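# Structural characterization, general
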Amino acid sequence: MPSMGPVRHVRAGVLDIGYVEAGPVDGPAVLLMHGFPYDIHAYAEVAPRLAAAGCRVVVPYLRGYGPTRFISEATPRSGEQAALGADLLALMDALGIARAVLAGYDWGGRAACVVAALWPERCAGLVSFNSYNIQNIARAMAPERAVREHKLWYQYFFHSERGRAALTADRRDVCGLLWRQWSPTWHFDDATFERSARAFDNPDFVDVVIHSYRHRFGLVAGDPAYAQMERRLAAQPVITVPSITFDGMDDGVRPPADASVHADRFSGPRSHRLVPGVGHNMPQEAPGAFADAVKELVLSAEPNP
């Protein structure tokens, strides 16, 4: 299995963030953001491709994962979308990255969408799996058809203390099932799962996950520090930066959708692509296609000679 290289640390906002970096420090910056319940190894085959193309590649562990830690015990262990976006912006500031191509899926894709929508001057381009990934919390209690609802069982499970207890007692059991359900055609082995599952041993993992899945339904309050940002996100801001969006044809949690579904949330250039044979973890299942999309945006963002 490809190595991600040594983990570095930087203080950024409320976190001490663990991250890996590859490629020339003066290359065009790319930040690769993982989702739940995964970790930086989702990009083990994407990052080297981008580094070889001359990019400065940064892959951070999200709050609640791996070696990333909260600086203060007093900071709420929030998993809300504004917190994820704020963490990404703080990381860019801490590393002196003024502008970057932002790429991600699931929670990481949400962080990238938040920054792209609210701080477009910091985003040279966006690669987002599942397209517009900013939550519409005001409509969270509007039910969908049963065929869609049953795939969200884990979210409703986490709303209960029984769900918290299950995740606390055996996070590998819960997360391993999600890997299998969400990517039914991806035949990963035990070693691949365990390499990422070590990141779930973070002492804040359960609290951040539970808060995330309760906050997005309006069941718990957010961190007051992000209240203003959440109000801006509630307006469902349009993404204006050049974007490439993906859906996996075999995604077991978010069914593939036509580009028209989120067309009104993108006003800049956008290419939407359906990827056959891919579930929910596209960077790890189809690293070549994911890396190519990032490179496409990097090239389009570079000034013409």
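So, a few notes on the structure that sits alongside this text.

Analysis parameters
Residues numbered from 1 in each chain as written. Predicted model: local features only at pLDDT ≥ 70, side-chain atom pairs only at ≥ 80, totals over all residues. Heavy atoms only, no water. 1 Å grid on protein atoms, 1.4 Å probe; cavity = no way out; pocket = protein on both sides within 12 Å on 5 of 7 lines; lining within 4 Å. Points joined across faces, edges and corners; volume = space filled by probe spheres on them. Helix = DSSP H or I, 4+ residues; strand = E, 2+ residues; numbered from the N terminus. Nonpolar A, V, L, I, M, F, W, Y, C, P; charged D, E, K, R; others polar. Buried < 20%, exposed > 50% of the residue type's maximum accessible area, 1.4 Å probe, protein only. Polar contact = N/O pair within 3.5 Å; in protein donor to acceptor, adjacent residues only side chain to side chain. Phe/Tyr/Trp six-rings, centres within 6.5 Å; stacked < 30°, edge-to-face > 60°. Core = buried A, V, L, I, M, F, W, Y, C linked by side-chain atoms within 4.5 Å. Contact = heavy atoms within 4.5 Å. Patch = residues over 30% accessible without salt bridge, like charges linked within 9 Å, V, L, I, M, F, W, Y side chains within 5 Å. Areas by Shrake-Rupley, 256 points an atom, 1.4 Å probe, with all protein chains shown as cover. Salt bridge = Lys/Arg side-chain N within 4 Å of Asp/Glu carboxyl O. Expected span 1.5 Å × (residues − 1). Pairing = 2+ DSSP bridges.

## Quick word on empty space enclosed by the protein
A complete count under the given rule lists one cavity of 30 Å³ or more for this structure. If you add up the space inside the largest cavity, you get close to 80 Å³. If you trace the largest cavity, you find 13 residues lining it, with Met33, Leu62, Leu84, Asp87 and Leu88 closest to the centre. Among the elements of the structure, strand E2 (15-22), helix H2 (81-94) and helix H3 (106-118) are those that each provide at least two residues to the lining of the largest cavity. Here the lining of the largest cavity gets four residues from one element, more than from any other, and that element is H2. The residue makeup of the lining of the largest cavity, split by class, is eleven nonpolar, no polar and two charged.

## Section: unusual backbone geometry
The peptide bond linking Phe36 to Pro37 adopts the cis configuration, its omega dihedral lying at -10 degrees. On the secondary structure map, Pro37 appears in the loop between strand E3 (29-33) and helix H1 (47-52). Despite not being glycine, Ser131 has its phi angle at roughly 60 degrees, a positive value. One can find Ser131 in the loop between strand E7 (123-129) and helix H4 (146-149). Accessibility expressed as a relative area gives 2% for Ser131, which makes it buried. Notably, Gln236 is not glycine yet its phi reads approximately 55 degrees, a positive angle. Mapping Gln236 onto the fold places it in the loop between helix H10 (227-234) and strand E8 (243-248).

## Some points on the side chain of Asn202
Along the chain, the position of Asn202 falls in the loop between helix H8 (190-197) and helix H9 (205-215). A polar contact is formed between the side chain of Asn202 and the backbone oxygen of Gly66, at a distance of 2.9 Å.

## Describing the packing of aromatic side chains
Per the counting criterion, the structure on display carries 29 aromatic pairs. Summarising the aromatic geometry, the rings of Tyr132 and Phe266 are spaced 6.2 Å apart at their centres and angled 85 degrees between planes, so their arrangement reads as edge-to-face. A residue pair is termed long-range when its members are at least 10 positions apart, and Tyr132 in the loop between E7 and H4 and Phe266 in the loop between E8 and strand E9 (270-275) qualify at 134 residues. Here Tyr132 and Phe266 have matching classes, each one buried. Aromatic pair Tyr156 and Phe217: ring centres 5.8 Å apart, planes at 65 degrees, arrangement edge-to-face. Pair noted here: Tyr156 is in helix H5 (residues 153-158) and Phe217 is in the loop between H9 and H10, with a separation of 61 residues, a long-range link.

## Concerning the nonpolar core
Judged by nonpolar contacts, the single largest core of 102 residues is most densely connected at Leu31, Leu32, Phe36 and Tyr65. Setting aside chain neighbours within four positions, we find Leu31 in contact with Val58, Leu88, Leu91, Met92, Ile97, Ala100, Val101, Leu102 and Ala103.

## Considerations on the environment of Trp119
Following the sequence through the fold, Trp119 ends up in the loop between H3 and E7. Expressed as a C-alpha distance, the spacing of Trp119 and Ile239, which sit 120 residues apart in the sequence, is 9.6 Å. Aside from chain neighbours lying at most four places away, what touches Trp119 is Leu89, Val114, Met229 and Arg232.

## Brief notes about a nonpolar patch on the surface
On the surface, Met141, Leu219 and Val220 cluster together into a nonpolar patch covering about 270 Å² of accessible area. On the secondary structure map, Met141 appears in the loop between E7 and H4. Under the relative-accessibility criterion, Met141 is labelled exposed at 56%.

## Some details on H2
In an α-helix, one turn spans 3.6 residues, which is why side chains three or four residues apart end up on the same side. Between its terminal C-alpha atoms H2 stretches 20 Å, which fits the 20 Å expected from 14 residues at 1.5 Å a residue. Of all 14 residues that make up H2, twelve are buried, and the element is covered over most of its length. Where H2 is concerned, the buried positions are Gln81, Ala82, Ala83, Leu84, Gly85, Ala86, Asp87, Leu88, Leu89, Ala90, Leu91 and Met92. Positive backbone phi, approximately 70 degrees, marks Gly96, located one or two places after H2.

## So, the pairing of strand E4 (residues 56-60)
Counting buried positions over the five residues of E4 gives five, a clear majority of the element. The alternating pattern of E4 places Arg56, Val58 and Pro60 and Val57 and Val59 on opposite faces, both of which are buried. Pairing of E2 with E4 involves four bridges; the strand directions are antiparallel. Bridge pairing in E4 places Ala22 opposite Val57. The sheet contact formed by E3 and E4 spans three bridges and is parallel. Within the sheet, the bridge partner assigned to Ala29 lies in E4 and is Arg56.

## Looking at the environment of Ala221
Within the element layout of this structure, Ala221 appears in the loop between H9 and H10. The spatial distance from the C-alpha of Ala221 to the C-alpha of Val7 is 33 Å, given a sequence separation of 214 residues. Setting aside residues no more than four positions away along its own chain, Ala221 makes contact with His211 and His215.

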